[in-house]
Amino acid sequence: MLEEYKLNIDRDVKDDPANLIGYLQTMQLAILSGGSILRPIIVKVLGLKENYPLGVKALDWPEGFSTANAKKLFKERLNSLELSQEQKDRIISIKMKVFELNNKLIREVTHSTESKQVAWKYLERILFVVCLVLAFIGYFYFRK
């Protein structure tokens, strides 16, 4: 999924660097709007500690920080850019695509619990083989 995301960004930005605005705006607004909602989900899905380790610090805001003011300032700066109508239309279509990609990514991450279970199965098998090898080594070593 991340490879698909990267390929989309590469292709869109190669077409017109202004297309990156669609990604930036969508991601920035998502983080500002949903960061406090996403943080506990990410912590739970990835099995991180409850004290929010460094992996989710990007979703913490300093005391006194206003997400509403940050969104307003971000919007003002974007609106001040000189873009053609064609660029604006393309950025809007990219924002819709990014929203879909984000939803796919979230679905993939929330299903990673299933991936963890598969990983544990393989780890159990590896540990079983290691135990067998150790048992054989122990048998031949203590057989004297």
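Residues numbered from 1 in each chain as written. Predicted model: local features only at pLDDT ≥ 70, side-chain atom pairs only at ≥ 80, totals over all residues. Heavy atoms only, no water.

A. Main features of the overall build of the protein. Within the protein, the regular secondary structure consists of five helices and zero strands. In sequence order, the protein lays out its α and β elements as α-α-α-α-α. The 144 residues of the protein split such that 19% are buried. Here the analysis covers contacts within the protein between residues at least 6 apart in sequence; of these, 73% occur between residues at least 24 apart. If you sum the accessible surface of the protein, you get close to 11,100 Å²; carbon and sulfur atoms cover 64% of it. (Helix = DSSP H or I, 4+ residues; strand = E, 2+ residues; numbered from the N terminus. Buried < 20%, exposed > 50% of the residue type's maximum accessible area, 1.4 Å probe, protein only. Contact = heavy atoms within 4.5 Å. Areas by Shrake-Rupley, 256 points an atom, 1.4 Å probe, with all protein chains shown as cover.)

B. Region of the structure containing the packing of helix α1 (residues 2-15) against helix α2 (residues 20-45). Where α1 contacts α2, the axes come no closer than 8 Å and their chain directions differ by 135 degrees. Judged on the interaxial angle alone, α2 and α1 are oblique. Counted together, Y5, N8, I9, D12 and V13 of α1 and L20, Y23 and M27 of α2 form the full contact between these two elements. Of the residues in the contact of α1 with α2, the class split is six nonpolar, one polar and one charged. (Axes fitted to C-alpha atoms, helices over the stretch in contact; angles between N-to-C directions. Parallel < 35°, antiparallel > 145°, perpendicular 65-115°, else oblique. Nonpolar A, V, L, I, M, F, W, Y, C, P; charged D, E, K, R; others polar.)

C. Structural context of α1. Taking 1.5 Å per residue, 14 residues should reach 20 Å; α1 reaches 20 Å between its end C-alpha atoms and fits that length. Those residues of α1 that fall on the buried side of the exposure criterion are Y5, N8 and D12. Relative to the axis of α1, the buried residues are bounded by an arc of 65 degrees and lie together on one face. Exposed positions of α1 whose direction lies more than 90 degrees from the buried face are L2 and K14. (Expected span 1.5 Å × (residues − 1). Arc of directions from axis to C-beta.)

D. Geometry of the layout of surface pockets. By volume, the second largest pocket amounts to about 230 Å³. If you go around the second largest pocket, the residues you meet are I21, Q25, K75, L78, N79, L81, L83, K88, I91, I92 and K95. Only α2, α3 (67-79) and α4 (85-110) provide two or more residues apiece to the lining of the second largest pocket. Counting residues per element, the lining of the second largest pocket draws most heavily on α4, which supplies four residues. Classifying every residue of the lining of the second largest pocket by side-chain character gives six nonpolar, two polar and three charged. (1 Å grid on protein atoms, 1.4 Å probe; cavity = no way out; pocket = protein on both sides within 12 Å on 5 of 7 lines; lining within 4 Å. Points joined across faces, edges and corners; volume = space filled by probe spheres on them.)

E. Structural context of the nonpolar core. Y5, Y23, I94, V98 and L101 together form the largest nonpolar core, which totals five residues. Looking at this core element by element, the count peaks at three residues for α4. Among residues more than four places away in sequence, those in contact with Y23 are Y5, N8, I9, D12, I94, K97 and V98. (Core = buried A, V, L, I, M, F, W, Y, C linked by side-chain atoms within 4.5 Å.)

F. Layout of the pattern of salt bridges. Counted under the stated rule, the structure contains five salt bridges. D16 is the salt-bridge partner of R90, the closest N and O atoms lying 2.8 Å from each other. Here D16 lies in the loop between α1 and α2 and R90 lies in helix α4, a separation of 74 residues in the sequence. Within this structure, D16, E86 and R90 form a network of salt bridges that share partners. (Salt bridge = Lys/Arg side-chain N within 4 Å of Asp/Glu carboxyl O.)

G. Representation of the packing of α2 against α3. Running from N to C, α2 and α3 point in directions that differ by 170 degrees, and their axes come no closer than 10 Å. With respect to each other, α2 and α3 are oriented roughly antiparallel. Between α2 and α3 lies a crossing of left-handed hand. Of α3, the residues touching α2 (which contributes I21, L24, Q25, Q28, L29, L32 and S33) are T67, A70, K71, F74 and L78. (Left-handed = near helix turned anticlockwise from the far one by under 90°.)

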